[in-house]
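Residues per chain are reported as follows:
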Amino acid sequence: QVQLVESGGGLVQAGGSLRLSCAASGRTFTGGTMGWFRQAPGKEREFVAAINWSSGYTYYADSVKGRLTISRDNAKNTVYLQMNSLKPEDTAVYYCAASPSAGYRPTIWGYDYWGQGTQVTVSS
């Protein structure tokens, strides 16, 4: 089993920044993929970004390219999502997810483990 715990959410004004963290414990996958998804009220959960644990290769949704950056600290088993130039439409619950497999995994079905989510609210 893998446990994922997100932190770092909060309320920020448009144009501001936040950094989310996802700490993984239990069984970890050195060659797997960690992803960030988000879900706004009344909408489906959508892919935001992903990173391969071993190579560090990253993937992004078009809507966040240039504003959000995913990174990882292998020693701490932690993945981060640095969010800059935030917009009201970025408001959502952000979820961390883990997969034992590498590669581009932009759908919820590509992940086996999920965190409980952290709320991000961007005011206009």
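Residues numbered from 1 in each chain as written. Predicted model: local features only at pLDDT ≥ 70, side-chain atom pairs only at ≥ 80, totals over all residues. Heavy atoms only, no water.

Visitor: Sorry if this is basic, but what is going on with the pattern of salt bridges here?
Guide: Pairing of side chains with opposite charge becomes possible as their charged atoms draw close. What the rule picks out here adds up to 4 salt bridges. Note that arginine 38 and glutamate 46 form a salt bridge whose closest N and O atoms lie 2.7 Å from each other. Between aspartate 90 and arginine 38 there is a salt bridge; the shortest N-O distance is 2.9 Å. With aspartate 90 in the loop between β8 (78–83) and β9 (92–99) and arginine 38 in strand β4 (residues 33–39), this residue pair connects regions lying 52 residues apart in the sequence. (Salt bridge = Lys/Arg side-chain N within 4 Å of Asp/Glu carboxyl O. Helix = DSSP H or I, 4+ residues; strand = E, 2+ residues; numbered from the N terminus.)

Visitor: Before we go on, may I ask you to explain unusual backbone geometry in this structure?
Guide: Glycine aside, residues mostly have negative phi angles, and peptide bonds mostly take the trans form. Look at asparagine 77: it is not a glycine, yet its phi comes out positive at around 50 degrees. Here asparagine 77 is to be found in the loop between β7 (68–73) and β8. In this structure asparagine 77 comes out as partly exposed when scored by relative accessible area, which is 27%. Within the chain, serine 85 stands out as a residue other than glycine whose phi angle is a positive 50 degrees. Note on placement: serine 85 falls in the loop between β8 and β9. (Buried < 20%, exposed > 50% of the residue type's maximum accessible area, 1.4 Å probe, protein only.)

Visitor: Explain the packing of aromatic side chains to me, please; I cannot follow it from the model alone.
Guide: Here a ring pair, both rings aromatic, is described through the centre-centre distance and the interplanar angle of the planes. All told, the structure shown has 7 aromatic pairs when counted by the stated rule. Of the aromatic side chains, those joined through ring pairs into one cluster are Phe37, Phe47, Tyr57, Tyr59, Tyr104, Tyr111 and Trp114. For the cation-ring pair, arginine 45 lies above tryptophan 114, with the distance from its terminal atom to the ring centre recorded as 5.0 Å. (Phe/Tyr/Trp six-rings, centres within 6.5 Å; stacked < 30°, edge-to-face > 60°. Lys NZ or Arg CZ within 6 Å of the ring centre and 35° of its normal.)

Visitor: Looking at this model, I keep getting lost on the state of the cysteines. Mind explaining?
Guide: A covalent bond between the sulfur atoms of two cysteines is what we call a disulfide. Throughout the structure, instances matching the rule amount to 1 disulfide. Bridging cysteine 22 to cysteine 96, the disulfide has an S-S length of 2.0 Å. Disulfide cysteine 22 to cysteine 96: torsion about the S-S bond roughly -75 degrees, handedness left-handed. Here cysteine 22 is found in strand β3 (residues 18–26), whereas its partner cysteine 96 is found in strand β9, with 74 residues between them in sequence. Each of the two residues, cysteine 22 as well as cysteine 96, counts as buried. (Disulfide = S-S within 2.5 Å.)

Visitor: Teacher, can you tell me more about the nonpolar core here?
Guide: Nonpolar side chains tend toward joint burial in soluble globular proteins. Within the largest apolar cluster, 35 residues are counted, with the highest numbers of intra-cluster contacts made by Leu4, Met34, Trp36, Leu81, Met83 and Tyr94. Filtering out sequence-adjacent residues up to four positions away, tyrosine 94 remains in contact with Glu6, Leu20, Trp36, Phe37, Arg38, Val48, Leu81, Met83, Gly117, Thr118 and Val120. (Core = buried A, V, L, I, M, F, W, Y, C linked by side-chain atoms within 4.5 Å. Contact = heavy atoms within 4.5 Å.)

Visitor: Looking at this structure, how should I read the sheet that holds β8?
Guide: Within a sheet, adjacent strands bond to each other through the backbone by hydrogen bonds, running parallel or antiparallel. With antiparallel pairing, the 4 strands of this open sheet are ordered in space as β1-β3-β8-β7. Pairing within the sheet leaves two strands with one partner each, and these edge strands are β1 (2–7) and β7. Averaged over all pairs of adjacent strands, the angle between their axes in this sheet comes to 15 degrees, without regard to strand direction. (Pairing = 2+ DSSP bridges. Axes fitted to C-alpha atoms, helices over the stretch in contact; angles between N-to-C directions.)

Visitor: Sorry, what's going on with the pairing of β4 here?
Guide: Looking along a regular strand, one sees the side chains alternate between the two faces of the sheet. Of all 7 residues that make up β4, 6 are buried, and the element is covered over most of its length. Of the pairings in the sheet, the one linking β4 to strand β5 (residues 46–52) comprises 6 bridges and is antiparallel in character. The partner of threonine 33 across the bridge, within β5, is asparagine 52. Taking the residues that link successive antiparallel strands as the turn, the β4-β5 hairpin has 6 residues, and the phi of glycine 42 there is positive, at about 80 degrees.

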